[in-house]
Structure formats: structure tokens, C-alpha cells
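Architecture and fold: a report
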Amino acid sequence: MAQQFDVVVIGSGPGGYVAAIKAAQLGLKTAIVEKWLTKDEKPSYGGTCLNVGCIPSKALLESSEKFHEAQHDFELHGIGLKDLKVDVKAMVKRKEDIVGKLTGGVAGLLKGNGVTAFEGKGMLKANKVVEVTLHDGKTETLEGKNVILATGSIPIEIPPTPTNGDTIVDSEGALEFSSVPKRLGVIGAGVIGLELGSVWKRLGSEVVVLEAMDTFLPAADQAIAKDAFKFFTKKAGLDVRLGARVTGSEVKKNKVEVTFEDSEGEKKETFDKLIVAVGRRPYTEGCLDKGCGVSLDERGFVQVDDQCRSTVPGVYAIGDVVRGPMLAHKGSEEGIMVAEIIAGHNAQMNYDTIPNVIYTHPEIAWVGKTEEQLKSDGADYKVGSFSMAAIGRAMAQNATDGQVKIIADAKTDRILGMHIFASGASEMIAQGVIAMEFASSAEDLQLTCFAHPTNSEAVHEAALAVDNMAIHKVNRKKR
Ligand code: FAD
Ligand code: AMP
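Treat the numbers as computed from the prediction; the structure is a model and nothing was measured. (Residues numbered from 1 in each chain as written. Chains lettered and ligands numbered in written order. Predicted model: local features only at pLDDT ≥ 70, side-chain atom pairs only at ≥ 80, totals over all residues. Heavy atoms only, no water.)

So, about unusual backbone geometry. With an omega dihedral of -10°, the bond running from histidine 361 to proline 362 counts as a cis peptide bond. Here proline 362 lies in the loop between strand E17 (356-358) and strand E18 (363-368). Each neighbour pair has its own omega, and for histidine 452 with proline 453 the value is -10°, a cis peptide bond. Even without a glycine there, the phi angle at glutamate 41 is positive, about 65°. (Helix = DSSP H or I, 4+ residues; strand = E, 2+ residues; numbered from the N terminus.)

Here's what the structure looks like:
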């Protein structure tokens, strides 16, 4: 006999587990199905983000940044250190402990909220029936009045560089190295490539990033991207080669020789390890039975409307498996929206205020439109920016690289975008998100009191600069 639920969620990443908790909180009888097994074959919740994505990468970024600071910055502060060394195994263990705490925490939250969890692989059949193949091979049949697909994404593989779990790895393998590779290649200068490249660069690897496109971070505001490119290549020592398309690889005696083409023709580079970070694709393998009726688009994403409804009434899809940025917080917000819709509320999501962050050092963060997008829209806008070099707190922190840039509508003064390249940008960008959520004008930020000394004063000054009123710089134009 099939077990009956108001909601059956497939996948417990930040999309699925948040949707399940919210649905249960709203009084809906909720089940979640998750197939993840750790390396030692233990079931785990939290999806890509908690197990092999956001959290472990940030744990290693933090450790590597500490080492880098100790090696390069402490002396400036008058602190001497002798015999500095890196224990990669200890770093990886700390990362795994954090992952364990968080994934265990998600299991506890699901239980505490009364969500019934099934550990195994879920497949959606016709009439919102979900068949679960449990890890022990037994099956369970669930019937949901509603089903939420939250099956996430997996790394894209490219034929020239097939991963082998040793010399050629994807983002998951790059979080598992047991020592610092002497020479590391990274294919793809996207978010994941830059973050993972930074981790190993800071720990001492010589890092070469091969990127097919000629433009660095095309989705970011180009003033910020140019600033960041200069910093990464000139100061941080990342060797980022733009316009370099990887065409082949050969593994030779524990090393990998990569062939790529740039404007000068074919070239080769040899690395001890190669990270393939060329993007992720939606994951629906084995989850959608032929008769389930759910349509995919031409790129394999589950087709949904603005409120995440699929082509089958009562079946929703959220997170990386649907259109939009592949970000944990985007999936979670969609999860909340869908749970509320199922509970009878008319919930909607504001896709215009989703923040983007790249956790390099300094960090890159933005919300809203870039100047390039506004230009191509033919919008009438005004821009203010402020350099971190003029911020006292940033000087105290030895973190004066970067800037804050704010763009506002020329007529209404409404903030259209905020773009930051600065230490701590991931936290500072929340100010832009809140401002935009509340439809603030640049003047609203100008009239707000910011604590001194803080790096956020650059947000205040950039807002003032929108109208050529910055205090701590000479404004280019008089008012
Ligand atoms: P996922 O987290 O991928 O979860 C999907 C879950 O569904 C998985 O647990 C999977 O096992 C399960 N599943 C799939 N099919 C089935 C099935 N048939 N039956 C049962 N279970 C199934 N995003 C950020 O916002 N910030 C970051 O800093 C960040 N850093 C990242 C770093 C790395 C290295 C990577 C790889 C990604 C990073 N991301 C980051 C992206 C983020 O991880 C994803 O956007 C997020 O995990 C998507 O959530 P999701 O719930 O849609 O899917
Ligand atoms: P993202 O999708 O943001 O994670 O970025 C992935 C990056 O990998 C993109 O900027 C792609 O241009 C880049 N990329 C994809 N295929 C190749 C390739 N064969 N060689 C070099 N770069 C690539």
C-alpha cells in the first residue's frame, strides 16, 4: 500500500530540505527522499551544498587564507612566526567535521519538524506516485498530493579531460587532495574554478587557470571584473589565461599534459593535478519515469513557470534543476515559495534581488544589474563608486584592494545594482540586497548612518558618490 503525504520532496539539498521543513511548519504531512551516501556509505542530507559544495569549499578557503595571511601579512603587523607549515590532512579533517555537523543538523531539523525521511533513490511516476528504492534494495511507494523535485546538479564533464579521480578531478575531488600539488591546472575561470584555484594557490601551488572566453567574469560588472582580474593575476599570483580553450589531455606518470588553443595556436602545459570546473548541469537521471509527464527544456532543466510549477499540475521543481542561477540561497527561497503556494498562499519570489558571491580574496559580490546590462537596455542611470583604499578600517585590516560601485536610476534615484570587490564583500552585499528589496533610492543610503570605522562606509560613500557628494574623496563632477 502506498503511503500518503501532502508533499513528497525528492532531494535534500538547500532547495529540498528547506522546502520540506517549511511545508511541515505549515501543517502539511511531508516526506523527503534522499539518496546521498558518504564515502563510507553513510546516508547524508544537505545535498551538494553541504556535502561537497558551498560549505566544504568555504572551510578550506578559510584555512588557506589563514595560512596565506600568516605567511605574508603577519610580519607587517609586527608578528613573527617561525617554521610555518601546512597540514593538509588536518585542514581536510576540519572541513569534514564541519560538513558532518551541518549534515547531521539537517537530519535533526527534518526529524524535529516531523518530516518523514526515506534514504534511497526516488523516481516520479504518473499521478504523483514516487517509488523509492531504499539503500537496502527494498522499495517504498509514496503518493503525494504534491511533489517537489529538488534533485540539483552535477559537474559538467568535457571529452578532452575525462576525470579519473586522481590526476584529473572535478570540484568534489579538488576538496580532497591529501597534499599541496606543486603545479595545478584549473579549466574554467568561473566561480568554482576561481575559488578552488585560490585555495591551492594560497597553500603554495603554482596555479594556471585556462579559460576559453576572452572576457573575465562576463556576468559581473566589468569595472569590478577588471579590478579583480588585475588583483588575481598581478598580486595574488594566479596565472589566468583568457581565450585558452582546452582541447585534450594525456596522463603521463602521475602528471597530466593539457593541450589548449589560444590566439597564438596550440600549446601544452603539464600539471600534477587538473581541476575541471567548466560548469554544472541539471541532474534528473533515474528520477523521472517515462510516464510522469514532466517536461525538460533543451538544456535538460525541468521546465517551470515563475512560481516553479512544472508541466504536471501538483508537481513543482526548485533549485539547480530549474532555470536561474545555480545558487544555494536561490533554491532555498524557491523551496519556501513552493511550500507556501502548496499551503494555499499566493507566494512569489523576487529573482531581481538574488545576491551573487565569489569567495576569492578579496571577495566579489553583486546584486541587481551591471552597468553593461543597463547600457544594453538603454537605461538612463547614474553611477557612484568608492575605493577601499580610502577606508580606515580596510587600512587597519591591510585589505585596501577593491571598490564599491552603486548604480541608480537617473530619474527615480532607485538603486538598480550594487557591485563590490572587497574583503568581506559577501557580508557587505546584504546591504544592497535589503536596500533593493525595500526599493530604496541612493538618497536613502546617503541619509543612513553607518558605523565608523567599518568597510561598509564604502557603501555609504558610493551612494553619496552617485550624486557626486562623497565626503572622503574629491568628486569628479561638481554638483
Ligand atoms: P543539490 O544541493 O545538488 O541537492 C540535490 C540532492 O538531491 C542531492 O543530495 C542528491 O543526492 C539528491 N537527489 C538527486 N536525485 C535524487 C533521487 N532520484 N532520489 C533521491 N535523491 C536524489 N552556492 C552558493 O550559493 N554559494 C556557494 O558558496 C556555493 N559554493 C559552491 C561550491 C562548490 C564547489 C559547488 C560544487 C557548488 C557551490 N554552490 C554554491 C552551488 C550550490 O551547491 C548549489 O546551488 C546548491 O547545492 C543547489 O541546491 P539544490 O537543492 O538545488 O541541489
Ligand atoms: P561556470 O559555468 O561559471 O562555472 O564557468 C565555467 C567556465 O568554464 C566558463 O567560463 C567556460 O567558458 C569555461 N570553459 C568551458 N569549457 C572550456 C574549455 N574546454 N577550456 C577552457 N575553458 C572552458
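Another point: the site of ligand 1. Neighbouring residues of ligand 1: 38 residues in total, closest Glu34, Thr48, Lys58, Gly122 and Ala328. At 2.6 Å, a side-chain N or O of glutamate 34 approaches an oxygen atom of ligand 1. Interatomic distance of 3.5 Å between a backbone N/O atom of alanine 150 and an oxygen atom of ligand 1. Counting residues per element, the ones that place at least two in the shell around ligand 1 are strand E2 (30-34), helix H2 (47-52), helix H3 (54-72), strand E3 (116-124) and helix H8 (328-342). Tallying contributions element by element places H2 first for the shell around ligand 1, with four residues. Residues that form the shell around ligand 1 fall into these classes: 15 nonpolar, 17 polar and six charged. (Near = heavy atom within 4 Å. Polar contact = N/O pair within 3.5 Å; in protein donor to acceptor, adjacent residues only side chain to side chain. Nonpolar A, V, L, I, M, F, W, Y, C, P; charged D, E, K, R; others polar.)

The next point concerns the environment of glutamate 69. Along the polypeptide, glutamate 69 turns up in helix H3. Spatially, the C-alpha atom of glutamate 69 lies 9.0 Å from that of arginine 202, the residues being 133 residues apart in sequence.

Moving on, we get to the sheet that holds strand E21 (residues 415-422). As summarised here, the arrangement of the five strands in space is E17-E18-E21-E20-E19, forming an open sheet in which the pairing is antiparallel. On the outer flanks of this sheet lie E17 and strand E19 (381-387), each paired with one strand and no other. In this sheet, neighbouring strand axes are inclined to one another by 10° on average, regardless of whether the strands run parallel or antiparallel. Sheet topology places strand E20 (residues 403-409) next to E21; six bridges connect them, and they run antiparallel. Residue pairing in the sheet places glutamine 403 in a bridge with phenylalanine 421 of E21. Strand contacts of helix H7 (residues 222-235): E18, E20 and E21, with the helix running at about 5° to E21, the strand carrying the most contacts. (Pairing = 2+ DSSP bridges. Axes fitted to C-alpha atoms, helices over the stretch in contact; angles between N-to-C directions. Contact = heavy atoms within 4.5 Å.)

Not every one of the 15 residues close to ligand 2 is listed here, only the nearest: Gly188, Glu211, Ala212, Met213 and Val246. For ligand 2, a nitrogen atom lies 3.1 Å from a polar atom in the backbone of alanine 212. Against a free-state accessible area of 500 Å², the protein chains account for coverage of 74% of ligand 2. The residue inventory of the shell around ligand 2, partitioned by class, reads 10 nonpolar, three polar and two charged. (Areas by Shrake-Rupley, 256 points an atom, 1.4 Å probe, with all protein chains shown as cover.)

Following both chains from N to C, one finds H3 and helix H6 (residues 191-202) inclined at 35°, their axes separated by 8 Å at the closest point. For the pair H3 and H6, the sense of crossing is left-handed. On H6, the residues touching Ser57, Lys58, Leu60, Leu61, Ser64, Glu65, Phe67, His68 and Gln71 of H3 are Glu195, Ser198, Val199 and Arg202. (Left-handed = near helix turned anticlockwise from the far one by under 90°.)

Glancing now at the pattern of salt bridges. Applying the stated criterion across every chain yields a total of 33 salt bridges. A salt bridge links aspartate 97 to lysine 93; its shortest N-O distance comes to 2.9 Å. Here lysine 93 and aspartate 97 lie together in helix H4 (residues 88-112), a separation of four residues that amounts to about one turn. We classify lysine 93 as partly exposed; its relative accessible area is 49%. With its nearest N and O atoms 3.4 Å apart, the salt bridge here joins lysine 273 to aspartate 166. Of this pair, lysine 273 sits in strand E14 (residues 273-276) while aspartate 166 sits in the loop between strand E6 (153-155) and strand E7 (168-169), placing them 107 residues apart in sequence. Residues participating in the shared-partner salt-bridge network are Arg183, Glu206, Asp239, Arg241 and Glu269. (Salt bridge = Lys/Arg side-chain N within 4 Å of Asp/Glu carboxyl O. Buried < 20%, exposed > 50% of the residue type's maximum accessible area, 1.4 Å probe, protein only.)

On domain assignment, one finds that the protein chain holds domain 1 (3-155 + 281-349), domain 2 (168-278) and domain 3 (354-465). With centres defined by C-alpha atoms, the gap from domain 1 to domain 2 works out at 28 Å. Taken together, the contacts link 20 residues of domain 1 with 15 residues of domain 2. Buried area between domain 1 and domain 2, both sides added, is near 1500 Å², and the carbon and sulfur share of it is 66%. Area buried by domain 1 at its contact with domain 2 is led by Val52, Leu61 and Val88, which between them contribute 32% of it. Across the pair glutamate 195 and lysine 58 runs a salt bridge, and its minimum N-O distance is 2.8 Å. Across the contact surface, domain 1 and domain 2 share seven residue pairs in polar contact (both at pLDDT 80 or more). Those elements that provide at least two residues to the side of domain 1 that touches domain 2 are H3 and H4. Across the side of domain 1 that touches domain 2, the residue classes tally to 10 nonpolar, four polar and six charged. (Domains from an automatic or database assignment. Buried area = accessible area lost by both parts, 1.4 Å probe.)

Here we come to the nonpolar core. With 36 residues, the main nonpolar core has Trp200, Phe216, Leu217, Phe232, Ile275 and Ile364 as its most contacted residues. Among the elements of the structure, H3, H4, strand E8 (183-187), H6, strand E9 (206-210), H7 and E18 are those that each provide at least two residues to this core. In terms of residues, this core owes the most to one element, H7, which gives five residues. Other than its neighbours up to four places away in sequence, isoleucine 275 contacts Val169, Asp170, Ala174, Phe177, Leu184, Gly185, Val186, Ile187, Leu196 and Trp200. Ala20, Leu50, Val106 and Ala150 belong to the second-largest nonpolar core, a separate cluster that totals 31 residues. (Core = buried A, V, L, I, M, F, W, Y, C linked by side-chain atoms within 4.5 Å.)

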